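The residues making up each chain are set out below.
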Amino acid sequence: MPKDFSRARRVGDQIQQELAELIRDEVRDPRVGSVTVSEVRASRDFAHAEVYVTGLGMDEAASREMVKALNGAAGFLRRQLARRLSLRTVPALRFHYDPVFDRGARLNRLIDEVRPDDGAAEPDTD
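Criteria and thresholds
Residues numbered from 1 in each chain as written. Predicted model: local features only at pLDDT ≥ 70, side-chain atom pairs only at ≥ 80, totals over all residues. Heavy atoms only, no water. Patch = residues over 30% accessible without salt bridge, like charges linked within 9 Å, V, L, I, M, F, W, Y side chains within 5 Å. Areas by Shrake-Rupley, 256 points an atom, 1.4 Å probe, with all protein chains shown as cover. Salt bridge = Lys/Arg side-chain N within 4 Å of Asp/Glu carboxyl O. Buried < 20%, exposed > 50% of the residue type's maximum accessible area, 1.4 Å probe, protein only. Pairing = 2+ DSSP bridges. Helix = DSSP H or I, 4+ residues; strand = E, 2+ residues; numbered from the N terminus. Polar contact = N/O pair within 3.5 Å; in protein donor to acceptor, adjacent residues only side chain to side chain. Contact = heavy atoms within 4.5 Å. Core = buried A, V, L, I, M, F, W, Y, C linked by side-chain atoms within 4.5 Å. Expected span 1.5 Å × (residues − 1). Arc of directions from axis to C-beta.

**Q** Looking at this model, I keep getting lost on a nonpolar patch on the surface. Mind explaining?
**A** On the surface, Leu 107, Leu 110 and Ile 111 cluster together to form a nonpolar patch covering roughly 260 Å² of accessible area. For Leu 107, a relative accessible area of 47% corresponds to the partly exposed category.

**Q** It is not clear to me how the pairing of strand β1 (residues 35-42) should be interpreted in this structure. Could you clarify?
**A** The side chains of a regular strand alternate, first on one face of the sheet and then on the other. Strand direction decides the pairing type here: β1 and strand β2 (residues 48-55), joined by 7 bridges, are antiparallel. In the strand pairing of β2, Thr 36 is matched with Thr 54.

**Q** Even after reading the chapter, I still don't get the side chain of Asp 98, so can you show me in this structure?
**A** With respect to the helices, strands and loops of the structure, Asp 98 is situated in the loop between β3 (92-97) and α4 (100-114). Exposure remark for Asp 98: the relative accessible area of 13% places this residue in the buried category. A distance of 2.5 Å separates polar atoms of two side chains, one belonging to Asp 98 and the other to Ser 38. Filtering out sequence-adjacent residues up to four positions away, Asp 98 remains in contact with Ser 38, Tyr 52, Val 53 and Thr 54.

**Q** Is there a simple way to think about the nonpolar core in this case?
**A** In a soluble, globular protein the nonpolar side chains are often hidden away together inside. Formed by 30 residues in total, the largest nonpolar core has its most connected members in Ile 23, Val 53, Leu 77, Leu 93 and Phe 95. Within the residue set of this core, elements represented by two or more residues are α1 (7-26), β1, β2, α2 (60-72), α3 (74-84) and β3. In terms of residue count, α1 provides more of this core than any other element does, 6 residues in total. For Leu 77, the contacting residues outside a window of four places in its chain are Leu 19, Leu 22, Ile 23, Val 27, Leu 70, Leu 93 and Phe 95.

**Q** What is the right way to look at the environment of Val 32 in this model?
**A** Structurally, Val 32 is set in the loop between α1 and β1. Overall, Val 32 belongs to the buried group, its relative accessible area being 11%. Separated by 31 residues in the primary sequence, Val 32 and Ser 63 place their C-alpha atoms 8.5 Å from one another. What Val 32 contacts, discounting residues up to four positions off in sequence, is Ile 23, Val 27, Met 66, Ala 69 and Leu 70.

**Q** Is there a simple way to think about α2 in this case?
**A** What sets the pattern is the α-helix's 3.6 residues per turn: residues three or four places apart point alike. The terminal C-alpha atoms of α2 lie 19 Å apart, and with 13 residues this matches the ideal 18 Å at 1.5 Å per residue to within 8%. Restricting attention to buried positions, one finds in α2 the residues Ser 63, Met 66, Val 67, Ala 69 and Leu 70. The buried residues of α2 occupy one face: seen down the axis, they fall within an arc of 160°. Seen from the buried face of α2, the exposed residues on the opposite side, beyond 90 degrees, are Ala 61, Lys 68 and Gly 72. Each element contacted by the buried residues of α2 is listed here: α1, β1, β2, α3 and β3.

**Q** Before we go on, may I ask you to explain α1 in this structure?
**A** Between the first and last C-alpha of α1 there are 27 Å, a value that for 20 residues agrees with the 28 Å anticipated at 1.5 Å per step. By the burial criterion, the buried members of α1 are Ala 8, Val 11, Gly 12, Ile 15, Glu 18, Leu 19, Leu 22 and Ile 23. Angularly, the buried residues of α1 cover 140° about the axis, an arc narrow enough to put them on a single face. Looking at the buried positions of α1, the neighbouring elements they touch are β1, β2, α2, α3 and β3.

What follows is the structure, given as structure tokens:
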């Protein structure tokens, strides 16, 4: 029976924090702007890690270009992670576009369009 908070998940969380800093401070590719690392799923043997990212203020096409740039820099980021983390095996990184923030923003816009302004039309209490 798996633990509630497995080692792979703890390592994934640590990789997520370190990658966010590394991408912000070390990656110089102009296609990579403000990036949110939303999730890292490390395999149980730490051979691979799936990294889900979203570009802040970017449309989907620009975010997908950013993912291509990050996949190109995956070897560099892996080497930098190896210096920061004390793991026997540092996972190979695979970056994926995560549309969850875009979906959330879209849902908020739809709710705002449907919901009347607060206080504009108060119900009749008679």
